[in-house]
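# Survey of secondary and tertiary structure
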Amino acid sequence: MKTFPLSFRLSSLVLATVLATPLAAQAQNIAIVNGKAVPKARVEALMSQALRQGNQQRTPELEQQVRDEVVLREMFMQEAEKRGLAASADYKAQMEFARQSILIRELFADHQKKNPVTDAEVQAEYDKFKSQSGGTEYRARHILVEKEDEAKALIAQIKGGAKFEDLAKKSSKDPGSGENGGDLDFAAAGAYVPEFSQAMVKLKKGELTETPVKTQFGWHIIKLEDTREAKFPPLEEVKGQIQQRIGQQKLAEFRDGIRSKAKTDYKFSNAN
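Rules behind the numbers
Residues numbered from 1 in each chain as written. Predicted model: local features only at pLDDT ≥ 70, side-chain atom pairs only at ≥ 80, totals over all residues. Heavy atoms only, no water. Helix = DSSP H or I, 4+ residues; strand = E, 2+ residues; numbered from the N terminus. Buried < 20%, exposed > 50% of the residue type's maximum accessible area, 1.4 Å probe, protein only. Expected span 1.5 Å × (residues − 1). Bend = angle between axes of the 7 residues up to and from the residue. Contact = heavy atoms within 4.5 Å. Core = buried A, V, L, I, M, F, W, Y, C linked by side-chain atoms within 4.5 Å. Polar contact = N/O pair within 3.5 Å; in protein donor to acceptor, adjacent residues only side chain to side chain. Axes fitted to C-alpha atoms, helices over the stretch in contact; angles between N-to-C directions. Parallel < 35°, antiparallel > 145°, perpendicular 65-115°, else oblique. pLDDT = per-residue confidence, 0-100. Arc of directions from axis to C-beta. Salt bridge = Lys/Arg side-chain N within 4 Å of Asp/Glu carboxyl O.

### Some remarks on unusual backbone geometry
Leaving glycine aside, a negative phi is the common case for residues, and trans is the common case for peptide bonds. Look at Asn34: it is not a glycine, yet its phi comes out positive at around 55°. Along the chain, Asn34 turns up in the loop between β1 (29-33) and β2 (36-39). By relative accessible area, which is 70% here, Asn34 ends up exposed. For Asp185, which is not a glycine, the phi torsion comes out positive at approximately 60°. With respect to the helices and strands, the residue Asp185 is situated in strand β4 (residues 183-188).

Structural data, given as structure tokens:
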């Protein structure tokens with residue numbers, strides 16, 4: 001077997017390393033723009049941001065769009081730097097605000113990650129809501145008019161055989177229910193203003209208020225269609241909403257805790 005001098009073997013190794021280096025570097029980049037490499041890491045960073053903010057699925061089409069965006073950004077950024085825009089006071093001020101926004105976002109994201117909403121917390125909140133939502137729900141119809149005399153005339157027409165629904169569509173000033181024949185669907189008595197609910201709960205199914213009911217909105221004619229025990233949705237249907245609510249509460253407590261511990265002579269407005 002033929003052997004080669006050590007100097008030859010070392011030279012070959014160096015040459016192989018030199019030739020392989022551009023390929024290795026290229027594997028870490030997606031493009032070269034005006035001699036400057038665009039690293040693949042930017043693609044993954046932008047992809048993560050897109051998935052987190054846009055509630056999207058990772059697809060080949062989205063990956064291509066992100067790659068295109070990363071390369072375009074490099075082109076535009078080089079042009080902006082060439083024009084000296086990176087040295088402007090406005091750019092520096094915007095960069096500082098961007099830095100603050102990103103750090104604050106990461107602070108709250110880190111807190112949420114380390115303090116997730118537990119199933120036990122969700123169950124406890126659900127049970128509390130459920131206990132507060134018991135009682136009776138009322139399905140009523142109403143006709144709302146501006147004057148008492150007008151309401152009295154409508155009551156007389158209904159007693160004379162006119163259909164409540166037809167008069168509601170024709171005469172009610174409440175656009176939401178008027179188009180549906182005055183139907184307000186099922187709701188707890190507390191969902192209405194006191195004068196309305198007090199008159200409504202005194203009615204029996206099918207009964208009509210004998211006299212118009214005055215509220216801040218005008219004069220009402222109320223008809224009780226039906227009643228039922230209050231229904232509460234199963235936990236599975238509202239779990240996401242409850243998790244979001246508890247998560248927001250935890251975040252607010254975290255934010256307020258930082259604020260209360262900070263030493264400052266600044267006086268916040270009441271709105272904050």
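More follows now that the structure is in view.
### Topic: helix α10 (residues 235-261)
For α10, which comprises 27 residues, the first-to-last C-alpha distance of 37 Å matches the rise-based estimate of 39 Å (1.5 Å per residue) to within 8%. When the local axis directions of α10 are compared, the greatest deviation, roughly 30°, occurs at Gln241. Restricting attention to buried positions, one finds in α10 the residues Leu235, Val238, Ile242, Ile246, Gly247, Lys250 and Gly257. For α10, the elements touching its buried residues are α4 (89-114) and α5 (119-132).

### Structural notes on the nonpolar core
Core analysis: the largest hydrophobic core is formed by 12 residues, namely Ile143, Val145, Ala151, Leu154, Ile155, Ile158, Phe164, Leu167, Ala168, Leu208, Trp219 and Ile221. Secondary-structure elements contributing two or more residues to this core are β3 (136-145), α6 (148-159), α7 (164-171) and β6 (218-229). Broken down by element, this core gets its largest block of residues, four residues, from α6. Grouped together as the second largest cluster of nonpolar side chains are 11 residues, Tyr138, Tyr192, Ile222 and Leu224 included.

### Focus on the side chain of Arg141
Structurally, Arg141 is set in strand β3. With a relative accessible area of 14%, Arg141 lands in the buried category. There is a polar contact of 3.0 Å between the side chain of Arg141 and the backbone oxygen of Gly181. With sequence-adjacent residues up to four places away left out, Arg141 is seen in contact with Phe164, Glu165, Asn180, Gly181, Gly182, Asp183, Ile221, Ile222, Lys223 and Glu225.

### Overview of the packing of α5 against α10
Taken N-terminus to C-terminus, the directions of α5 and α10 make an angle of 105°; their axes are 9 Å apart at the nearest point. Of the possible angle classes, the one that applies to α5 and α10 is roughly perpendicular. On α10, the residues that touch Asp119, Glu121, Val122, Gln123, Glu125, Tyr126 and Phe129 of α5 are Leu235, Val238, Lys239, Ile242, Gln243, Arg245, Ile246, Gln249 and Lys250.

### Some thoughts on the environment of Val117
In this structure, Val117 sits in the loop between α4 and α5. When the C-alpha positions of Val117 and Ile242 are compared, they lie 9.4 Å apart, and in sequence the two are 125 residues distant. Setting aside residues up to four positions removed in sequence, Val117 forms contacts with Val122, Gln243, Ile246, Gly247 and Lys250.

### Section: the confidence of the model for the protein chain
Residues of the protein chain with pLDDT of at least 70 account for 88%, and the chain-wide mean is 88. Low pLDDT (under 50) marks residues 1-25, which in the prediction has one contact with non-local residues, meaning those over four places away or in another chain.

### A short note on α5
Counted at 1.5 Å a residue, the expected span for α5 with its 14 residues is 20 Å, and the 20 Å between its end C-alpha atoms agrees. What α5 keeps buried is the set Val122, Glu125 and Tyr126. The buried residues of α5 all sit within an arc of 100° when viewed along its axis, so they share a single face. Residues of α5 that are exposed and angled more than 90 degrees away from the buried face: Ala120 and Ser131.

### Some remarks on the pattern of salt bridges
Under the criterion given, the structure shown has 24 salt bridges. In this structure, Arg73 engages Glu69 in a salt bridge whose closest nitrogen and oxygen atoms are separated by 3.0 Å. One end of the pair, Arg73, and the other, Glu69, are both in helix α3 (residues 60-82), four residues apart, so they sit about a helical turn from each other. As a salt-bridge pair, Asp110 and Lys114 come within 3.3 Å of each other at their nearest N and O atoms. Here Lys114 and Asp110 lie together in helix α4, a separation of four residues that amounts to about one turn. Residues participating in the shared-partner salt-bridge network are Arg141, Glu165, Lys223 and Glu225.

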